[in-house]
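Topology and contacts: notes
Now for the letters of each chain:
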Amino acid sequence: MAARTRAKPAAKRAPVRAVGKRRGGKSAWATVHDLVIRRESIGVLLWVVALLAVPWLVPFTAGLADARNGFVETFGLLIFAWIALLACAGWLVIRGEQALLWSHWKPYAVGFACGAFAAGLLGLFTPAWHLGDVGVSEHSLGGELGYWLTHSVPGVLVWLATGVAAFVLAWPQGAAAVAQNAPEYLRAAWSWHIPTRIARTARGAFDLIFPTKPAPRGSVQVPIDSMMWARTSGVTVDADEEDDLEPAPEPVQAEMFPEEGDDDDEPSEAVTVDASGRRSRGGWQLPSMDLLADTAPVEATTIDKDQRAALIEETLASFGVDARVVQINEGPTVTQFGIEPGWEIKTKTFVEKDAEGKPVLDKNGQPRTRTEEVSRTRVRVQQITTLANDLALALAAPSIRIEAPVPGKPVLGIEVPNATKSLVTLRSVVESTQFQRAAGKTKLAIALGQSVSGEPIVADLAKMPHLLIAGATGSGKSVCMNAIISCVLMHASPGDVRFVMIDPKRVELSAFGPIPHLAFSNIVVDMDKVVGTLQAVIHEMESRYRKFASIAVRNIDGYNRSPRAADRLPYWIVIIDELADLMMAAPFEVERQICRLAQLARATGIHLVVATQRPSVDVITGLIKANFPTRIAFAVSSQVDSRTILDMAGAEKLLGRGDMLYMAPDAAKPKRLQGVFVSDDEIERLVDFWTSERFAGIERPTFDHLYDEAKAELEQEGATDDMFERAKELAYEHNRISTSLLQRRLRIGYPRAARLMDMLEDEGIVGPAEGGGSREVYAPESRPAYEAEPEELRFP
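Everything numeric here is computed off the predicted structure, so don't read it as measured data.

Right, let's get into the packing of aromatic side chains. Scanning the model with the defined rule gives 13 aromatic pairs in all. Their ring planes at 85 degrees and their centres at 6.0 Å tell us that phenylalanine 167 and tryptophan 171 sit as a pair that is edge-to-face. For phenylalanine 167, a relative accessible area of 35% corresponds to the partly exposed category. Ring centres of tryptophan 284 and tryptophan 690 lie 6.1 Å apart, and the angle between their planes is 55 degrees; on these two criteria the pair is classed as tilted. Highlighted residues: tryptophan 284 in the loop between β4 (279–281) and α12 (305–318) and tryptophan 690 in helix α24 (residues 680–690), separated in sequence by 406 residues. Of the two residues, tryptophan 284 and tryptophan 690, neither departs from the other in class, the shared state being buried. Clustering of aromatic rings is evident, with ring pairs tying together Trp284, Phe689, Trp690 and Phe695.

Next up, the structure:
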């Protein structure tokens, strides 16, 4: 049997290597293609393009110079913005974050708008610069694009539109605030009367350069500012005072653009101009502004206003009140947040059903529901005002005041105290435009302070016409009185305004004792002289009315403008620092005299400024309140005191130290202010100016004879007093009698009661004063040299 043999397997052939192929199976071209399309390569390419776009790389990029120069001619300096954009894009591509390049559209919109606006702004300049081979003077810094945007009407419109769009896109909150406050800004700009002022200034300059009227006989050359003032005021300049007229380095404290014809009827007087530019009549000079302290520095606020606004909205929302802050007005003491009430929305939830009335289920097997709005009503103001204490707690404030609503605005004002208070100086208000405008029309302009929005508040005492000031001790009443007096002294001479000061405290007004503006020789500090002083003021009022009637005029302004007036009458301001002391000493006489002056003295130029620290109904009576429409309330201790002063609550929430509520005569609600502050050094400098030797030769008439006449009249009335018989009857009814008993039972004032007591002593009816206030009444049979009396009057 033949043996079987296994055949050997054939050996495997080695694979044939393809020519031109890599071991991995890819060709060289594919490898190069993979390297080119890598994202790192694209990023590097963007960097290279950005580098080649640099204008100064001319030797290395000679082939691309024309394209690059055309780009520079079109965009100017914005070529560097494109270079930065390409470099940033290349960096993002290399890092694999290229998705950020197209994830948001807003950065591109803001960038293109800002770039277009910047191109137009740069297009206004054509300096002799070179960017590579491109001369900037032939185009502009913004290139041809910037030149077109600012040198053609369509381009200017596009340029302004891109600027507005850039502002809106970059800062939406600021744009919304500007759009909301735009009407107020336009009204403020319109109130400046810029076209009218420019026209008047141009007309005045034309009249000075090209005079159309010959100079009056006897005239002298004076500086331009003095000549303009003399022409607009209708007064003449003495030749003897030519040397004193020097150019004023500071503006004159008068109306910047006086109305024509205001003072045409006033008699001509000599005008005095000092080196500081302050002018007056009758030889007097007005003090310089340098006597007052400069504006106090404003301290930085540590609490952000926007954070407080957000906290207010969150607190109201936590109590279910929909409201938002739409205005923020920061003042020197408080910040007012304007709150706009939202809506109360009532909704109802319904279960969705199909056509067969069965509930429609969602993917979780629950019935599908929908919510519909049923009603929408405004949030009531009372819902916000009742949360005052909760808002104060949330804001960590000692107290807040809610003004609902703010006059003239459709918002509620939440007034929150500032963390740091700013000092309002008298000079900061006096130098404001509002005060300058008021001072040009009246000599009785007074600076009160700044509102919660920082606006200077100025008032005219002639229009008030009387002012009542009340507040607790240390709230700022005396400082307010000093500020009113100092403000008048800054721009009124003794020929314009005279003061009658009554100071029962003896120390509050003593600093103004030497000034030449006092109508009487001294400040009245004795209670026995108060009634006589007020009676003397009443005599002056009656005397002025007789003068008005003699030349047929109605008020002091008409009298001073009339050519038939014998002399110019000054205004009188009666300052009473503490009304409560006067009402305790002689309530009936003082109330009667104050009310009569308040009712009749306005037309004669006599005005009252009365202050008290005890705002109770027995001091501020209803008759006094009715004749004092203008009132200032400082911080008080209770709501009852606030209602006594203002007839409404609010003063009990004030912060003190000059924080006040000012009730103007033409306002329905009081306005919150931070009063101006006058230091003792400022008052001392002001008094030293008016008492200096420069005014030693000027005659200053006083009116002490009016007090002597009033005192003699009161004594004559006391000598023939018809109350004497009733006083005798009252004395016989008691064993001891006092002056206060006569005041209460006979309803008379203290001076009259004291005179009756002296008359009873002279008649031997009562004994001498024993120091305790009451006196012993002598019996008819025991008193010395007693004359027989009728039986019904004998002492039992």
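Pairing geometry for strand β5 (residues 323–330) and strand β6 (residues 334–341), over 7 bridges, is antiparallel. Looking at the pairing, valine 325 lines up with isoleucine 339 of β6. A loop of 3 residues connects β5 with β6, the two strands running antiparallel in sequence.

All right, on to the environment of serine 475 then. Relative to the helices and strands, serine 475 is located in the loop between β13 (467–470) and α17 (477–491). Each C-alpha atom of the pair serine 475 and glycine 658 lies 6.2 Å from the other, and the pair is 183 residues apart in sequence. Residues in contact with serine 475, not counting those within four places in the same chain, are Phe634, Ala635, Gly656, Arg657 and Gly658. A distance of 2.7 Å separates a polar side-chain atom of serine 475 from the backbone oxygen of alanine 472.

On the surface, Asp680, Asp681, Glu684 and Asp688 cluster together to form a negatively charged patch. Exposure remark for aspartate 688: the relative accessible area of 44% places this residue in the partly exposed category.

This structure, assessed with the given rule, holds 21 salt bridges. The salt bridge partner of glutamate 372 is arginine 370, with a shortest N-O separation of 2.9 Å. Relative accessible area serves as the criterion here: at 36%, arginine 370 is assigned to the partly exposed category. Note that arginine 506 is salt-bridged to aspartate 526, the shortest N-O span being 2.9 Å. Within this pair, whereas arginine 506 is found in the loop between β14 (497–502) and α18 (530–551), its partner aspartate 526 is found in the loop between β14 and α18, the two being separated by 20 residues in sequence.

Calculation notes
One numbering rule holds for all chains: residues counted from 1, following each sequence as written. Residues qualify for local features only when their pLDDT is at least 70, as the model is predicted, and side-chain atom pairs are given and counted only at 80 or more; totals for whole chains, interfaces and linings, by contrast, use all residues. To obtain the side-chain values, all non-hydrogen atoms of the structure were used and water was disregarded. Working definition: rings of Phe, Tyr and Trp (its six-membered ring) pair if their centres are within 6.5 Å, and the pair is stacked with planes under 30 degrees apart, edge-to-face with planes over 60 apart, and tilted otherwise. Burial status follows relative accessibility: with a 1.4 Å probe on protein chains alone, a residue under 20% of its type maximum counts as buried, one over 50% as exposed, and anything between as partly exposed. Elements are defined by DSSP. Helices are runs of H or I of four residues or more, strands are runs of E of two residues or more, and each kind is numbered from the N terminus. At least two DSSP bridges between two strands are required for those strands to pair. Note on contacts: a residue pair qualifies if any of its non-hydrogen atoms lie within 4.5 Å across the two residues. Pairing of N or O atoms within 3.5 Å defines a polar contact, subject to two protein rules: one partner must be a possible hydrogen donor and the other a possible acceptor, and residues neighboring in sequence count only if both atoms are side-chain atoms. The patch calculation keeps residues exceeding 30% relative accessible area without a salt bridge and links them within 9 Å when they carry like charges or within 5 Å when they are nonpolar (Val, Leu, Ile, Met, Phe, Trp, Tyr). Areas reported here follow the Shrake-Rupley algorithm with a probe of radius 1.4 Å; residue values treat only the protein chains shown as occluding. Should a side-chain nitrogen of Lys or Arg be within 4 Å of a carboxyl oxygen of Asp or Glu, the pair is scored as a salt bridge. The charge count treats Lys and Arg as positive and Asp and Glu as negative. His and the chain ends do not count. Where a charge lies is defined by one atom per residue type, namely NZ (Lys), CZ (Arg), CG (Asp) and CD (Glu).

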